[in-house]
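This is what each chain is made of:
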Amino acid sequence: MIGFEPHDHSPTGIAAADVEEPSAAVAAQPPKPPLKLLGWARENLFGSVPNTILTLLALWLLWEVVPPLLSWGLFHAHVTGAAAQCREEGGACWTLVTERHRLMLFGVYPYDQHWRPLLATFIVIALLATSTLRRFWRPALLWAWGGGFVAIAGLMWGGFLGMPYVETALWGGLPLTLALAVLGIALSFPFSIILALGRRSNLPAIRALSVGYIELVRGLPLVSVLFMASVMFPLFLPEGVTIDKLLRALVGIMLFTAAYLAEAVRGGLQAIPRGQEEAADALGLSYWRKMRLIVLPQALRLVIPPIVNQFISCFKDTSLVTIVGLYDLLAATKAALADPEWRPFFVEGYVSAALVYWSFCFFMSRYSQWLERQLATGQRR
Amino acid sequence: MAIGHPGNAKRSLFYSARFRGILYQVVVVALVVALGWYLVHNTLTNLAARGIATGFDFLGREAGFDIGESPIAYTPADSYAHALVVGLLNTLVVAALGIALATLIGVVVGIARLSGNWLVARLATLYVEGVRNVPLLLQLFVWYGIVTSLPGPRQALNPLPGIFLSNRGLKVPLPEAHPIHPWLLLALLGGFGLAWGVRRWAIARHDRTGRPFPWMLTGLGLTLGLPLVLFLAVGAPLAMDVPTLRGFNFAGGGTLSPEFAALLAGLSVYTAAFIAEIVRSGILAVPAGQTEAALSLGLSRAKTLRLVIMPQALRVIIPPLTSQYLNLTKNSSLAVAIGYPDLVSVANTTINQTGHAVEGIGVVMAVFLVISLALSLLMNWYNAKVALVTR
Amino acid sequence: MAGSPVVELIDVQKWYGSFHVLKDIVLSVGKGEKVVVCGPSGSGKSTMIRCINRLEEHQSGRIVVNGIELGDDLKAIEAIRKDVGMVFQSFNLFPHLTVLENLTLAPLWVKNVPKAEAEALAMHYLERVRIPEQARKYPGQLSGGQQQRVAIARALSMKPSIMLFDEPTSALDPEMVKEVLDVMIGLAEDGMTMICVTHEMGFARAVADTMVFMAEGRVVETAPPAEFFANPRNERTRQFLGQIIGH
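On a predicted model such as this, the values are computed, not experimentally measured, just so you know. (Residues numbered from 1 in each chain as written. Chains lettered and ligands numbered in written order. Predicted model: local features only at pLDDT ≥ 70, side-chain atom pairs only at ≥ 80, totals over all residues.)

1. So, the overall build of chain B
Then step 1. Of regular secondary structure, chain B possesses 13 helices and eight strands.
Then step 2. For chain B, the spread of C-alpha atoms along the three principal axes comes to 100 × 70 × 45 Å.
Then step 3. Within chain B, counting contacts between residues at least 6 apart in sequence, those at least 24 apart form 65% of the total. (Helix = DSSP H or I, 4+ residues; strand = E, 2+ residues; numbered from the N terminus. Contact = placed C-beta atoms within 7 Å.)

2. Focus: helix H13 (residues 357-386) of chain B
Then step 1. When the terminal C-alpha atoms of H13 of chain B are compared, their 44 Å separation across 30 residues agrees well with the 44 Å that a helix rising 1.5 Å per residue should span.
Then step 2. Three or more residues of H13 of chain B are buried, namely Ala357, Gly360, Ile361, Val363, Val364, Met365, Phe368 and Ser372 of chain B.
Then step 3. Where H13 of chain B is buried, its residues meet helix H10 (222-236) of chain A together with helix H3 (80-113), helix H10 (301-331) and helix H12 (343-354) of chain B. (Expected span 1.5 Å × (residues − 1). Buried ≥ 20, exposed ≤ 12 C-beta atoms within 10 Å, placed from the backbone.)

3. Focus: the domain arrangement of chain B
Then step 1. When the domains of chain B are assigned, the result is domain 1 (6-49), domain 2 (80-152 + 165-176 + 254-386) and domain 3 (177-238).
Then step 2. Placing a centre on the C-alpha atoms of domain 1 of chain B and another on those of domain 2 of chain B gives a separation of 43 Å. (Domains from an automatic or database assignment.)

4. Topic: the pairing of strand E10 (residues 218-223) of chain C
Residues and elements named next belong to chain C.
Then step 1. Taking burial as the measure, the six residues of E10 include six buried ones, the bulk of the element.
Then step 2. Relative to E10, strand E9 (residues 210-215) is paired through five bridges, and the arrangement is antiparallel. Residue pairing for E10: Ala215 is matched across the bridge by Arg218. (Pairing = 2+ DSSP bridges.)

5. Side note on the pairing of strand E3 (residues 34-38) of chain C
Residue and element names in this part refer to chain C.
Then step 1. The buried fraction of E3 amounts to five of the five residues, a majority that puts the element mostly inside the structure.
Then step 2. Of the two faces of E3, both are covered, the one formed by Lys34, Val36 and Cys38 as well as the one formed by Val35 and Val37.
Then step 3. As judged from the four bridges shared by E3 and E9, these two strands associate in the parallel manner. If you follow Cys38 over to E9, its bridge partner there is Phe213.

6. Topic: the interface of chain B and chain A
Then step 1. Between chain B and chain A, the contact holds 44 residues from the first and 43 residues from the second.
Then step 2. If one sorts the elements of the side of chain B that touches chain A by residue count, helix H2 (residues 17-49) of chain B sits on top with 13 residues.
Then step 3. Tallied by class, residues from the side of chain B that touches chain A come to 29 nonpolar, 13 polar and two charged. (Nonpolar A, V, L, I, M, F, W, Y, C, P; charged D, E, K, R; others polar.)

7. Points about the nonpolar core
Grouped burial of nonpolar side chains is what soluble globular proteins tend to show.
Then step 1. Among the nonpolar cores identified, the biggest contains 141 residues, and Val223, Leu226 and Val265 of chain A together with Leu137, Leu138, Leu140 and Leu263 of chain B are the most heavily contacted of them.
Then step 2. Apart from the residues within four sequence positions on either side, Leu137 of chain B is in contact with Ser319, Leu320, Thr322 and Leu330 of chain A together with Leu334 and Ala337 of chain B.
Then step 3. In this structure, Val7, Ala151, Met184 and Cys196 of chain C belong to the second largest nonpolar core, which totals 81 residues. (Core = buried A, V, L, I, M, F, W, Y, C linked by C-beta atoms within 7 Å.)

8. Details of the sheet that holds strand E6 (residues 84-87) of chain C
Residues and elements named next belong to chain C.
Then step 1. The mixed open sheet is built from six strands, whose spatial order is E6-E7-E8-E3-E9-E10. Each edge of the sheet is formed by a strand with only one pairing partner; in this case those strands are E6 and E10. Across this sheet, the average inter-strand angle for adjacent strands is 20°, counted without regard to direction. (Axes fitted to C-alpha atoms, helices over the stretch in contact; angles between N-to-C directions.)

9. Examining the packing of helix H3 (residues 99-109) of chain C against helix H5 (residues 144-156) of chain C
Residues and elements named next belong to chain C.
Then step 1. The interhelical angle for the contact between H3 and H5, taken along N-to-C directions, is 25°, at an axis separation of 8 Å. It follows that H3 is roughly parallel to H5 by the angle criterion. Crossing angle aside, the handedness with which H3 passes H5 is right-handed. Taken together, the residues of H5 that come into contact with H3 (itself represented by Val99, Asn102 and Leu103) are Val150, Ala153 and Arg154.
Then step 2. Residues of the contact of H3 with H5, tallied by class, amount to four nonpolar, one polar and one charged. (Parallel < 35°, antiparallel > 145°, perpendicular 65-115°, else oblique. Left-handed = near helix turned anticlockwise from the far one by under 90°.)

10. Side note on the environment of Cys86 of chain A
All names here are of chain A.
Then step 1. Within the secondary structure, Cys86 sits in helix H4 (residues 83-89).
Then step 2. Given 22 C-beta atoms within a 10 Å radius, Cys86 is considered buried.
Then step 3. Taking the C-alpha atoms as reference points, Cys86 and His76, ten residues apart in sequence, are found 9.7 Å from one another.
Then step 4. Residues in contact with Cys86, not counting those within four places in the same chain, are His78, Cys93, Thr95 and Phe345.

11. Things to note about unusual backbone geometry
All names here are of chain C.
Then step 1. Not every positive phi belongs to a glycine, and Asp11 is a case in point at roughly 50°.
Then step 2. Within the fold, Asp11 resides in strand E1 (residues 7-16).
Then step 3. What makes Asp11 partly exposed here is the crowd of 16 C-beta atoms within 10 Å.
Then step 4. Notably, Lys159 is not glycine yet its phi reads approximately 50°, a positive angle.
Then step 5. Relative to the helices and strands, Lys159 is located in the loop between H5 and strand E7 (162-166).
Then step 6. Lys159 sits in the exposed class, given 12 other C-beta atoms within 10 Å.

12. Describing the interface of chain B and chain C
Then step 1. Between chain B and chain C, the residue contacts involve 24 residues of the former and 25 residues of the latter.
Then step 2. Sorting the residues of the side of chain B that touches chain C by element identifies helix H6 (180-209), helix H9 (288-296) and H10 of chain B as the ones contributing at least two each.
Then step 3. Tallied by class, the residues present in the side of chain B that touches chain C amount to ten nonpolar, eight polar and six charged.

13. What to know about the environment of Leu203 of chain A
Then step 1. Mapped onto the fold, Leu203 of chain A is located in the loop between helix H8 (173-199) and helix H9 (204-218).
Then step 2. Once residues lying within four places of it in the same chain are set aside, the contact partners of Leu203 of chain A are Gly21, Tyr24 and Gln25 of chain B.

14. Things to note about the packing of H9 of chain A against H2 of chain B
Then step 1. The interhelical angle for the contact between H9 of chain A and H2 of chain B, taken along N-to-C directions, is 35°, at an axis separation of 8 Å. Residues Ala205, Ile206 and Leu209 of chain A of H9 of chain A form the contact with H2 of chain B, whose own contacting residues are Gln25, Val28, Val29 and Val32 of chain B.
Then step 2. Grouping the amino acids of the contact of H9 of chain A with H2 of chain B by side-chain chemistry returns six nonpolar, one polar and no charged.

15. Comments concerning the confidence of the model for chain B
Residues and elements named next belong to chain B.
Then step 1. Per-residue pLDDT for chain B has a mean of 86; in total, 96% of the residues score no lower than 70.
Then step 2. Mean pLDDT across the elements of chain B bottoms out in helix H1 (residues 9-15) (59) and peaks in H9 (94).
Then step 3. With pTM at 0.83, the complex prediction returns an ipTM value of 0.88. (pLDDT = per-residue confidence, 0-100.)

16. A closer look at the sheet that holds strand E8 (residues 254-256) of chain B
Residues and elements named next belong to chain B.
Then step 1. Spatial ordering of the open sheet is given by E1-E2-E3-E8, a layout of four strands whose pairing is antiparallel. In this open sheet, the two strands that pair with only one neighbour each are strand E1 (157-160) and E8. Within the sheet, the average angular offset between the axes of one strand and its neighbour, ignoring direction, is 25°.
Then step 2. Relative to strand E2 (residues 163-166), E1 is paired through two bridges, and the arrangement is antiparallel. Each bridged residue has a counterpart across the sheet, and for Leu157 the counterpart in E2 is Leu165.

This is the structure in structure tokens:
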């Protein structure tokens, strides 16, 4: 261990050999607490008086909540039997789910044909899962989605290959939620790009129209947009032409989502340095070529995380179609609880539906954060 | 703009950027106008076919339906316009209270997530992640279910003396009218005015001599203490209008309807989760170097937070926060699903009864647009005012 | 320069988890002494000086500043921080306050100095760093060199007896480095005790009383600059100097 005298300027200072070799010094170790867990607890939970009070409060809260919750939800829960049994004995009535899960998941779709929406749901989930991997981000993926949509449409409607025709009024539950969310985002995406480009345009009329649309729609609640779609679309069409209820809701969701997506796309466009557009202009590319080949591919890469976030919002928002009379997952759950026998167990019913929404949204948001990190590292300059 | 030879005049006009720009705009506007005209024409035809007139004079007609709760007097004999105003007031009341409650909860949870206490931080995270990923409507249904599955008034829960929780709502005792009340209000305002004066004096003195003065605590004491002193001086009149069970329901006291309670609880808890995230990212957005510089100058942690961190964090927090406030106001429209008579719900009933769908929806849209525009302008003004000055 | 040392590090050790970042650090700085610490990146130089005003905590060993021992005692830490000024690589000026307010913040709120006096003092230091005309501007409106000079003035506004510099010119464009170094040389000539982490060897040669070379968390060599540059005793030092001075 070497010290030095700050005032000693003599050239014969300290021998270099003593300086760096650790042979003389004992390889020191960080001071370890007697028990690793105890040390951690001491620092993170009981570090100071206010901290200790908070920890004790939190522990008390958990003590009051968790054991009764576990007792009700797990240890005394029922999974089979009749509603009467649940009522008499207390405890969570998961029997509601085991008995009526078909109604909750598929709505009023014909009971014996439930394999069709089930298969359709699997196709959507498989396509979504594949789309999350960057490895598959190729034009072929779009073809896969197209084929998937055709298959799903065929499965749900039926009318060929021995599958009886099922009208859209009978569609419901999880497949409907997925369809509305996926189609809502997919169909609104092209429109949102046009809106975003319009908002950045130099042409005042086009910019005014884009801004007007975006700000108008973003100022409204989705409920009123759905009401408008549901009530006014039939009025918009020439006499005698009817429009399917599902289609009305879908168009409403699409118009609504497009405004929010447009803002996300605009954010991506703004992040592209002006130099890119200028270089493209200098090369003589027309506006549309420039957008298609240079600007949009770069912008969309930045825009994918916000799009995923919008998809999560859209997925949650599909629950609002209950209000305009469509039978999505939430409405189907509510219908399953309409039976007076099962009505007291609304907590179990809604918790089950909530679990479906939660797992989807939570994992999508984790994915979005992971994706953002991945894409950011790819941008290293 | 291309200056071509006379022979090429026609060609260069077509390729001129300005000309094309104008052409595009004319085409697009024409298309939009044509589409609009087509839709309007169809609508008018369809409405005529159903025998529904257009126009806003239906607003003067008698409403004929009852509204569950209202901050102002309303009877079914009032006009539709009056009913819509009641709906609007209901929306504003639940939105205002929801914003206040959500902000309170959200700030606490947001700071808790940043806490050094592992348990508290994890619990806060559990709350945020649990609530954010479940649709609001589902949460509202659960709250409404809880509120309506409470026992009837005869078996109402009595957590505190005078407070009753039943499936007919929350009943709280209200103080009975007493002549001292206006004076108490005056005392409160007077105390606040005094507190403000103390603050100005304290700041001026700090500037002049450097001596600090705890004006915040003093101010609080003055604002609350003056009314309290007055209250005690007149003998502490505490006569309360306590809800008492009469027959099948309670009489007296103040009421919070189950629908209102469920909507308020659902909106606040849901929006608070988003506000917590905004507060957390706002505080994290302030670079660590700022804290280090302030600490190395000798500022205490509390002073660093107040003078250096919070001003910078608030700049990042306020824009998305106002956006959440707007979301909460828009989400109050879900009231229609649980029977709280907000604007959308009342408008819905009006449309069903009169058939004037277009006008009804138009009114709702106009109101929400005014609200969101006002908030937008406020936010733009705030942003411009506090923008960090750079070159 | 006689008397007891104003800053002493005795057998200081620090770990980040299991990574041993400071190993057996011993340092002693007298009043008015200028110490320049250099070394390759990751050698722990910044960590070491950040331990001196408790921006980082050391796990073992002792640090004594102006006779006060650095530990968990908050009062001691506060007292030390009031007397030790620090200048950061990234300036860390408060963007929401004007230059003048940046300088008066600490005197007003820590020392409870009257506002007029604090502002006069601030203008005095702004003149010393040669930018009094920028007093009412915001940091975002200044160049990097100007910002760092303001940061130095801000640290000086608390009238510290010791100044710590953590790579003050590393984030500056080359043409602005000189203006900052000139201010630091002025400070040195006025007798301030300074501990500088820097790569500016010209500055070191002109100003330092002692050169300290650190590598891999250890103090490898200490010597007066003349000897340090001309005759480095350690191979590692020689290697480092060769890389730095060569170009």
